[in-house]
Each structure stands twice: as structure tokens, then as C-alpha cells.
Amino acid sequence: MASRPTKRRKLTPPQSDDEALPRKSGAKVQKSFLVNAANWDLEQDYETRARKGKKKEKESTRLPLKLPGGRVQKYTAPAHELPTLESDEDWLEGGEDEPEDDESDGREVVEKPEIPEHQQILEAKEELAKIALMLNESPEENQGAFKALAKIGLSKILTIKCLTLATQLAVYKDVIPGYRIRPAAEDGPQEKLSKDVRTLRSFEQSLVSSYQAYIKDLARYAKAGRSQAGGGKGQNIASIAITCACTLLTTVPHFNFRSDLIKILVGRLSRRHVDDDFNKCLQALQTLFFDDEEGRPTMEAVSLLSKMMKAKEYDVDESVVNLFLHLRLLSEFSGKASKDSVELGPDGRKRKGKKEFRTKRERKQIKEQKALQKDMAQADALVSHEERDRMQSETLKLVFATYFRILKLRAPHLMGAVLEGLTKYAHLINQNFFGDLLEALKDLIRHSDTSEEEEEKDDENEEETPTRNTSREALLCTTTAFALLAGQDAHNARADLHLDLSFFTTHLYQTLLPLSLNPDLELGARSLHLPDPDQPSSSHRPASSKGSNKVNLQTTTVLLIRCLTAILLPPWNMRSVPPLRLAAFAKQLASASLHVPEKSAQAVLALLADVAATHGRKVAALWNTEERKGDGTFNPLSESVEGSNPFAATVWEGEILRRHYCPKVREGVRIVETSMGLADR
């Protein structure tokens, strides 16, 4: 039998022409969609489309409700009905941004609860105490604690900032070593260091960087306090910053960034307003000068002070200039200097001895020993005498340059401090600078005379001009000139220097009588005066600093007696005073004692008694009424001492002084006459 052919089953019914057309058209649409979709840039289209804010709430189309009371209320959709996205275009246009906004709104609502300020301060105290204890126990193992301390100080609460500054001060005082840390760049990278040395170096660098940041914070707070002169919180933290800087400068002056600490103190001293912070800075610098055995910290401080005063045009308080009187070189330096040069004394130069013969091996051993001693001296922070003398000589030049500039500027409120400072430094001034100083003092006296005449002519403008005591300035100049001469040993080389102090002698003789009529003769430069009722706006400056400051406190009478003693009884050559000068001053002093107060009269008569005991035979003729040594008449207003013809007069003022109301004055007259009587015999 023939095999049957396989039967094929039809899977799909035959399609009609009407059904084939839509299938073909659908395939074409799908194909064109895929082709076009490959060219779409959905991201670019989304980026270029304008952003939309929050969508407005969909307006409700429901009718309002009428309440039982007759009030009509608008229908509001419940909260659970959220808007739905109708198409993909809404998603591309930012329809999905609304859930993000809702999430952000939720974050804003759920805020972290704010801690009360007193609770934050308490927590900060505990944290500061914990960190400080860690650093005190093992600072090398807790190097990151320095930054943790500084991070606590970034708080906005002022109390926490102040506590952080005080805590850092206590920590650094305990942790800072007794040597200066060198920068890491000085140690070559080729060095092989042990683990302990590397740990120590890492701790030192961490300490230096943290300490530098702390010093910068102190400077910023102190400067912010100066800008906020009105007081308040800024003033409080500025005071704490200045106290920390003063403490660090006095306790660890050898450590790094010493000049930055000095700048903080000098910046506070640049203001003329005197308060507790000002006095703290003065006391800290005085302690630094007294304890400085090296000389370099003192030179840095004096250099910054001189630059600050020059920048301020010497409009500073008098106590700032008086800081120079606390320098150790006043008693230690053996040379002489000026504003430009220094001459070392015989001890400052090494004499070359006879050269000793040494073998090559001995020279090598000595060289190695010197190198070892140099390294040991650097490790022990020892300073050689040559280095200290060099630093002190540079400091002395800066001091003299400052004094000389103030003399040239003629600052009235600094004259007393400068002239008294020159008197203290008289033994350290070389002969070349001595002549320039004398000329400056003469110019100052001439300027004081001319300014006094101008003040008498222009009485209406007295309130506008600064108050100046010209007579006191002249006495200070005269005292300074004779003190310089006594401290210079210049009397032994008078012919070589061609010194002539007759200008000061003549000026003092001419001002004796006007000075005796001065009502403020027994008052000092800082004595408190009652205000003048005719000039209510006039005020007298009180003492800027009390206690230890004893500069320029002498009364006018004391200055006058010092000048007269230097002229009539010079300690270097007492017998060389000419008789005409002695007689002229004796006569003027006797006349002046009639007008001065009782204490000044006692001082003048005591000086006359000393003159009578020393030069009694030269001036005894003035107390003798029966005979006269000179002819003519006595001229007390003469322009020169010798031209007054004193021996043509007699001291008749003694008869009046015998009847003085003060018994001590009467006793002084009796002593003078007794001395003259003994000298006449």
C-alpha cells in the first residue's frame, strides 16, 4: 500500500484583506516609533525646559456647604487625597518634585532640639577638663587633643570662648618644653631616626602648629577688643586674651612666636587710654626686661616699641617711654653708645696672647672639643657674653635714637620721661653723641622761652594749645646737661671736647626770681590741682600709673635745688667754681627765699649753708655791711652772671628772714650766718 501523505494542520485561519491592512499599518507605526525613539534626547529636553515651582492646589469644583446656622462654608479636599500623575509628560515636567518638597518640609519641621546655653557651658567645661587632663598625663600620645581644644573654642557662646582660652593657657604652660623647637625643614630628610625620636618630633611639630594657631586667636581677640572701644563682650574677651599673652610672655619667653606675643602687648600700649590691661602689659614687659639674661627678647621688645612710637608720632603715654628705665643694660653694659654707633669697653675686647705651639693631633682634639661645647651650649640655651653685649649695644642704640627723636619733636608730655632717662643713661653715652645732646637741650630751652612769650601774647588761645610747663622743662634740661657731664668723665677732657655749659648757668640765674613767684613751686608734674573756676573746661591729667612708677614725680623746688647743686657744688671739681658765680647766686637765692613757701625756703637756706661751709671765704663779704669788695651797683636782672656785680651788694634779706613765722626758717638763717662768721674768722 502506498503510504499516506502527512496531514498538515492549519494553525491560523486565513486572513482577509480587511484584517491585513491594520496589522501592516501597526507594524509600520511601531517601526517608525523605534527609529524615532533612538534620536530622542529626553535629558536635554528636560534640562532646557523651564523649571516649575510648587504646583498650585487643584481648585475644588464641589459646591459649598450650608451649615445649620446659615453660614456657607467652602468645601476643602481631605489631606489623604493626593494629586495623581495623568501622563508621562507630567513626570518629565516635574510632577514628581512634589514628594521631594514634602520630604524637605518634613525635615524642616523635625528640627534638632536646641540645648540651653547653661547646659552647653557645663558640657564644654567637662570636655575641656577631660582634654586638659589627657594632655597633662601623656601629651605625646594625645597630639590631636590640641586641635580638639581649639575646636571647642569655635563656639558662638562667649563664655565657652573665654574658658577655652584659659584652658589652653594652662595646658601650654605645662606642656611647653624648656627649649625652642626648630622647624622641621632644618632636619634633612636623609636622617635616620629611631621610633622614639620620630614620635617626639611629631609631637613637637603638632605642639608648634597648635601653639601658633592659639597665638593668632589671642591676637585676633585683642585686636577686636581695640576696635570695640565702647566696651561690652568684645572688651571682656580682649582683656582675657591680653592676660593670656602677658602670662605666656613672662613664663615661656624662650619658646617660639615670642615676637607675636610682644606685638599683642605693644599694640595695646599704642593707645593712650590707661586701664588694667594697659598696666598688665607694662608689668609684663618690665618682668621680661628684668629676667632676660640673653638680650635678644629685650632687643625685640625695644625695637617693636620704638617702631610703634614712631608710627604713632610719639602720641603715647609717658609710662611707655619709662619702660626703657627698666633695662638690665643700665647696670650690666660696660661700653658707650650713641644713636648710630657703639664703643665697647676694655672688657669687651679680647687681648691676643702669645700663640702656644700645638701638634696636629692636639689642634684636632681642641677643634672637636670646641664643636662639642658649642652644641652643648645650644642644647642648654646658654648665651655667651659676646652675644649678650652685642644685643645690649643694639638695644642701647634704639633707646638713644628714640630719645633723640622725641627731643627734636619737643613732645611736651614726654619731656620729663626723656630727660630723666638721659640722666640715667648718662654714663653710657659716648663723647660724639654728647655734643649733639647738649645742642638739642639748648634748642629745647630756647623753644620753651619763645613759646612762653607767645602764650603771654595770645591769652585767648590758651584752651586750644596743649598745656606745657616751660619752666619745669628748662630745669629738667639743665639738670640733664650737668648729669651728662658728671656721668661722662668729660671734665677730665674739657679742653678736648670744648664743652661750655655757661648757657645753662646763665639761663638758671635769669629764671631764679620768676621761679620764686611761681605758686606751683612745691607741686609736681602729676600733682592734682583744683579746677580753675574761670576756665571750667581746663582739666589736669592725673597720674597714669601708680605705685612703682616714680619717674618725673619731683617737684619744681627739688629740680631747682638739683640744678643749683650741680652748678655751685659740682662733685667732680668743687673748688673750681669762680667767686663771682658763687656771690651772684648767693645774693639771688637770698632774695628768692623771701617769696617762696616755707619748705622751699628751708631747702634754699640749707643749700646756702652748704655753700658757706665749702666756699665761705669767697662769699663772706656779702654778709659784711662795713666793707664792700666791689664798686658800682648790683644788677639782679643782668643778662650774664658776671655782669651783675654781686660784690657791690649785701645780703640784707637775712634781717627779714630772722623774723619769719616758721621756726625752721629762722633756724636755717642762723646756721647760714654762723657758717659765714666762722669762715670770716
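Residues numbered from 1 in each chain as written. Predicted model: local features only at pLDDT ≥ 70, side-chain atom pairs only at ≥ 80, totals over all residues. Heavy atoms only, no water.

### What about the overall build of the chain?
Counting its secondary structure elements, the chain contains 27 helices and four strands. Taking as baseline every contact in the chain between residues at least 6 positions apart, the subset at least 24 positions apart corresponds to 74%. If you sum the accessible surface of the chain, you get close to 43,100 Å²; carbon and sulfur atoms cover 51% of it. (Helix = DSSP H or I, 4+ residues; strand = E, 2+ residues; numbered from the N terminus. Contact = heavy atoms within 4.5 Å. Areas by Shrake-Rupley, 256 points an atom, 1.4 Å probe, with all protein chains shown as cover.)

### Examining the pattern of salt bridges
Applying the stated criterion across every chain yields a total of 14 salt bridges. The closest approach of N and O atoms between glutamate 394 and lysine 397, which form a salt bridge, is 3.5 Å. Here the residue glutamate 394 and the residue lysine 397 both occupy positions in helix H16 (residues 385-409), the gap between them amounting to three residues, near one helical turn. Among the residues examined, glutamate 394 registers a relative accessible area of 31% and is labelled partly exposed. A salt bridge links arginine 446 to aspartate 443, with the shortest nitrogen-to-oxygen separation between them at 2.9 Å. One end of the pair is arginine 446 and the other is aspartate 443, both in helix H18 (residues 431-457) and three residues apart, which spans about a single turn. Looking at aspartate 443, the relative accessible area reads 27%, which means it is partly exposed. Beyond isolated ion pairs, a larger network of salt bridges with shared partners links Glu294, Arg296, Glu387 and Arg390. (Salt bridge = Lys/Arg side-chain N within 4 Å of Asp/Glu carboxyl O. Buried < 20%, exposed > 50% of the residue type's maximum accessible area, 1.4 Å probe, protein only.)

### Observations regarding unusual backbone geometry
Notably, arginine 410 is not glycine yet its phi reads approximately 60 degrees, a positive angle. Here arginine 410 shows up in the loop between H16 and helix H17 (415-424). The class for arginine 410 is partly exposed, based on a relative accessible area of 28%. Residue asparagine 645 is not a glycine yet carries a positive backbone phi of 55 degrees. Tracing the backbone shows asparagine 645 in the loop between helix H25 (598-619) and helix H26 (653-657).

### Observations concerning helix H23 (residues 556-568)
Between its first and last C-alpha, H23 extends 18 Å over 13 residues, near the 18 Å set by a 1.5 Å rise per residue. Of all the 13 residues making up H23, 10 are buried; the element is thus mostly covered by neighbouring parts of the structure. Turning to H23, its buried residues number three or more, namely Thr556, Thr557, Leu559, Leu560, Ile561, Cys563, Leu564, Ala566, Ile567 and Leu568. (Expected span 1.5 Å × (residues − 1).)

### Considerations on the environment of lysine 147
If you trace the backbone, lysine 147 turns up in helix H6 (residues 145-152). In the structure, lysine 147 is positioned 64 residues away from tyrosine 211 in sequence and 9.9 Å away in space, judged by C-alpha atoms.

### Here we look at the environment of leucine 523
Positionally, leucine 523 belongs in the loop between helix H22 (512-516) and H23. Taking relative accessible area as the criterion, leucine 523 reaches 30% and is therefore assigned partly exposed.

### Structural notes on a nonpolar patch on the surface
Together, Leu594, Trp652 and Ile656 give the surface a local cluster of nonpolar side chains, amounting to about 290 Å² of exposed area. Mapped onto the elements of the fold, isoleucine 656 is located in helix H26. (Patch = residues over 30% accessible without salt bridge, like charges linked within 9 Å, V, L, I, M, F, W, Y side chains within 5 Å.)

### Some details on the packing of aromatic side chains
How two aromatic rings sit relative to each other is given by the distance of their centres and the angle of their planes. Scanning the entire structure with this criterion turns up 11 aromatic pairs. Where phenylalanine 324 meets tyrosine 403, the ring centres are 6.0 Å apart and the plane angle is 70 degrees; that geometry is what we call edge-to-face. A residue pair is termed long-range when its members are at least 10 positions apart, and phenylalanine 324 in the loop between helix H13 (318-321) and helix H14 (329-332) and tyrosine 403 in helix H16 qualify at 79 residues. Just as phenylalanine 324 is buried, tyrosine 403 falls in that class too. On the basis of an interplanar angle of 75 degrees and a centroid distance of 5.5 Å, the ring pair of tyrosine 509 and phenylalanine 585 is categorised as edge-to-face. Here the residue tyrosine 509 occupies a position in helix H21 (residues 502-510), and phenylalanine 585 occupies one in helix H24 (residues 579-592), the gap between them amounting to 76 residues. Tyrosine 509 gets classed as buried once you look at its relative accessible area, which sits at 1%. Put simply, the rings of Phe146, Tyr172, Phe203, Tyr211, Tyr214, Phe255 and Phe257 touch in pairs and so form one group of aromatic residues. In this structure, arginine 220 packs its charged tip against the face of tyrosine 221, placed 4.9 Å from the ring centre. Looking at arginine 446, its charged tip hangs above the ring of phenylalanine 503, at a distance of 4.9 Å from the centre. (Phe/Tyr/Trp six-rings, centres within 6.5 Å; stacked < 30°, edge-to-face > 60°. Lys NZ or Arg CZ within 6 Å of the ring centre and 35° of its normal.)

### Examining the state of the cysteines
This structure, assessed with the given rule, holds zero disulfides. No disulfide involves cysteine 162; its sulfur sits 9.1 Å from the nearest other cysteine sulfur, which is in cysteine 244. Just so you know, cysteine 563 is unpaired, no disulfide at all, and the nearest cysteine sulfur is the one on cysteine 477, 9.5 Å from it. For cysteine 563, a relative accessible area of 1% puts it in the buried group. (Disulfide = S-S within 2.5 Å.)

### Quick word on the environment of glutamate 140
By secondary structure assignment, the location of glutamate 140 is in the loop between helix H5 (117-137) and H6. Among the residues examined, glutamate 140 registers a relative accessible area of 36% and is labelled partly exposed.

### Let's talk about H6
Here H6 has its buried residues at Ala145, Phe146, Leu149 and Ile152. Looking straight down H6, one finds that the buried residues subtend no more than 125 degrees of arc, so they occupy a single side. Facing away from the buried side of H6 by over 90 degrees, the exposed positions are Lys147 and Lys151. (Arc of directions from axis to C-beta.)

### Considering the packing of H23 against H24
Packing of H23 against H24 leaves a shortest axis separation of 11 Å and a crossing angle of 155 degrees. Between H23 and H24, the angle is such that the two are roughly antiparallel. Handedness of the H23/H24 crossing: left-handed. Between H23 and H24, the residues in contact are Leu564, Ile567 and Leu568 and Arg581, Leu582, Phe585 and Leu589, respectively. (Axes fitted to C-alpha atoms, helices over the stretch in contact; angles between N-to-C directions. Parallel < 35°, antiparallel > 145°, perpendicular 65-115°, else oblique. Left-handed = near helix turned anticlockwise from the far one by under 90°.)

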